[in-house]
Amino acid sequence: MTAAADRGSTTIADKAVRKIAQRAAGEVLPPSLAGAVRGSATVRGRRAGVALRVALPYPAPLSETARQVREHVADRTRELTGLDVPPPRLTVSRLAAGAPAAAPVPPPVAVGPGPRYRWSARRVPTALLLLVGTAAGATLTADVLRVHVLDHRPAAWRLRAVDWLSGHGPGDPAVTTGSLVAVALGVWLLALAVTPGRRRRLTLVTTASDVRVAVDRTAVAALVRDAVGEVNGLGAVRVRVRRRRVLARARLAFGERDDVLRQAVAAADRALERCQLRRPLRCRVVLVPEATWQPPLPAYGSGTGRAPADPVPPYGSGTGLAPAGPATGEPEGATA
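How each quantity is defined
Residues numbered from 1 in each chain as written. Predicted model: local features only at pLDDT ≥ 70, side-chain atom pairs only at ≥ 80, totals over all residues. Heavy atoms only, no water. Axes fitted to C-alpha atoms, helices over the stretch in contact; angles between N-to-C directions. Helix = DSSP H or I, 4+ residues; strand = E, 2+ residues; numbered from the N terminus. Parallel < 35°, antiparallel > 145°, perpendicular 65-115°, else oblique. Left-handed = near helix turned anticlockwise from the far one by under 90°. Contact = heavy atoms within 4.5 Å. Nonpolar A, V, L, I, M, F, W, Y, C, P; charged D, E, K, R; others polar. Buried < 20%, exposed > 50% of the residue type's maximum accessible area, 1.4 Å probe, protein only. Patch = residues over 30% accessible without salt bridge, like charges linked within 9 Å, V, L, I, M, F, W, Y side chains within 5 Å. Areas by Shrake-Rupley, 256 points an atom, 1.4 Å probe, with all protein chains shown as cover. Salt bridge = Lys/Arg side-chain N within 4 Å of Asp/Glu carboxyl O. Core = buried A, V, L, I, M, F, W, Y, C linked by side-chain atoms within 4.5 Å. Polar contact = N/O pair within 3.5 Å; in protein donor to acceptor, adjacent residues only side chain to side chain. Expected span 1.5 Å × (residues − 1). Pairing = 2+ DSSP bridges.

Participant: Would you mind going over the packing of helix α1 (residues 14-28) against helix α3 (residues 62-81) with me for this structure?
Facilitator: Two packed helices can be described by the angle between their axes and the distance between those axes. Where α1 meets α3, the closest approach of the two axes is 8 Å, and the angle between their N-to-C directions is 135 degrees. Accordingly, the angle class assigned to the pair α1 and α3 is oblique. Crossing hand, α1 versus α3: right-handed. On α3, the residues touching V17, I20, A21, A24, A25, E27 and V28 of α1 are Q68, V69, H72, V73, R76, T77, L80 and T81. By residue class, the composition of the contact of α1 with α3 is nine nonpolar, four polar and two charged.

Participant: Got a minute to help me understand the environment of S32 in this structure?
Facilitator: Tracing the backbone through its elements, the reader meets S32 in helix α2 (residues 31-34). Under the relative-accessibility criterion, S32 is labelled exposed at 55%. Considered as a pair, S32 and A55 are 23 residues apart in the sequence and their alpha carbons are 9.7 Å apart.

Participant: Just checking my understanding: could you explain a nonpolar patch on the surface for this structure?
Facilitator: A surface patch of nonpolar side chains, about 250 Å² in accessible area, is lined by L140, V144 and W157. Looking at the element boundaries, V144 is found in helix α4 (residues 123-148). Residue V144 is classed as partly exposed on the basis of its relative accessible area, which comes to 32%.

Participant: So what exactly am I meant to see when it comes to the nonpolar core here?
Facilitator: Nonpolar side chains tend toward joint burial in soluble globular proteins. Core analysis: the largest hydrophobic core is formed by 58 residues, its most contacted members being L52, V220, V224 and L234. With residues up to four places along the chain from it excluded, the contact list for V220 reads L202, V215, V241, L272, C275 and L277.

Participant: Help me out: how do you make sense of the side chain of R70 in this one?
Facilitator: Note on placement: R70 falls in helix α3. Residue classification places R70 among the buried positions, given a relative accessible area of 16%. Of the polar contacts made by the side chain of R70, one reaches the backbone oxygen of P88; its length is 3.0 Å.

Participant: Even after reading the chapter, I still don't get α3, so can you show me in this structure?
Facilitator: An α-helix turns once per 3.6 residues; consequently, residues spaced three or four apart project the same way. Look at α3: 28 Å from first C-alpha to last across 20 residues, which is about the 28 Å you get at 1.5 Å a residue. Along α3, the positions that sit buried rather than exposed are L62, S63, E64, T65, A66, R67, V69, R70, V73, A74, T77 and T81. Buried-residue contacts for α3 involve α1, β2 (47-58) and β3 (89-97). Directly beyond the C-terminal end of α3, a positive phi value near 75 degrees is found at G82.

Participant: For this particular structure, what's the right way to read the pattern of salt bridges?
Facilitator: When the charged atoms of two side chains with opposite charge come close together, those side chains can pair. All told, the structure shown has ten salt bridges when counted by the stated rule. Between R76 and E27 there is a salt bridge, with its nearest N and O atoms 3.9 Å apart. Taken together, the positions of R76 in helix α3 and E27 in helix α1 put the pair 49 residues apart, joining distant regions of the chain. Look at E27 and you get partly exposed, because its relative accessible area is 43%. Between R47 and D84 there is a salt bridge, with the nearest N and O atoms lying 3.3 Å from each other. Taken together, the positions of R47 in strand β2 and D84 in the loop between α3 and β3 put the pair 37 residues apart, joining distant regions of the chain. Residue R47 is classed as partly exposed on the basis of its relative accessible area, which comes to 46%. If you follow the salt bridges from partner to partner, you end up with E27, R76 and E79 in one network.

Participant: Would you mind showing me how to read the sheet that holds strand β8 (residues 234-241) here?
Facilitator: Strands pair in a sheet through their backbones, by hydrogen bonds, and they do so in one of two ways: parallel or antiparallel. The three strands lie next to each other as β8-β9-β10, forming an open sheet whose pairing is mixed. Each edge of the open sheet carries a strand with a single partner, namely β8 and β10 (282-289). The mean inter-strand angle of the sheet, taken between neighbouring strand axes irrespective of direction, is 15 degrees. On top of the sheet, helix α7 (residues 217-229) reaches β8 and β9 (245-252); it is set at about 155 degrees to β8, its chief contact. Against the sheet, helix α8 (residues 257-275) engages β8, β9 and β10, with an angle of about 145 degrees to β10.

Right, dumping it as structure tokens:
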């Protein structure tokens, strides 16, 4: 019988793991959102890393739904592939209103303070820095090897660089300018290292300490806009979400301005509360009256001191009054 070491090995491609993870995520999500799952997978030995982009149903609690998706994808992929699959990195691309959740979930409960922002991996600056450093180091190393191994002359660019450096000191304007550029680049890299970066994403309350859920500001703005737009008397609504506050501007078409404003503020507060943001945002609603808007007439007895004019009864209605005379314009029988 052939020994186990001589039988070969089974390799699972990244594409296969990605498809299994996408299908597993679709098993938890509603059927209308299962086809929108996108992702990537990387297999290294017996371990596989998975990242997914999904659309989640609304108004289901996002943190609990995301936790169910991550756990199910990790368990299902681990079961079908035999690889060690940690919980995948999940990115919520959009919220689908009206799509029912796969199962009812309890409201989320905050666990610990958690981060206010999601930290960015800084892939583009890191890739650029590595590319420039690798290219410069490889070029210099290749020229040094040509000189010492193949006994060639140094490259012309290296000779010119040495000649230029030997003729310019620290007080030279070009050297000073280059130093300032290097200092600015260093400060920029330090700022990238100590700042979170993904400030356009707001973190949500989670039910587990190892789960971090974030939503884009545009999604929060869409939810607030839909909630404010349902208030009677309002037309077009524009919402802008900042790091610490929300500004909603709505067009007032009809109705009492103060009452509509109170309803709009209450609707916006309810929408933000349902978002379960870890850091609450201050909300401000501004109403801009339309050109055709008119304040409603005050009701009789509302403190205006004026009674509504009595309608003139039609002639022959049993009041005993004749129509107004042609000269005086007063009905007959009127008392002074």
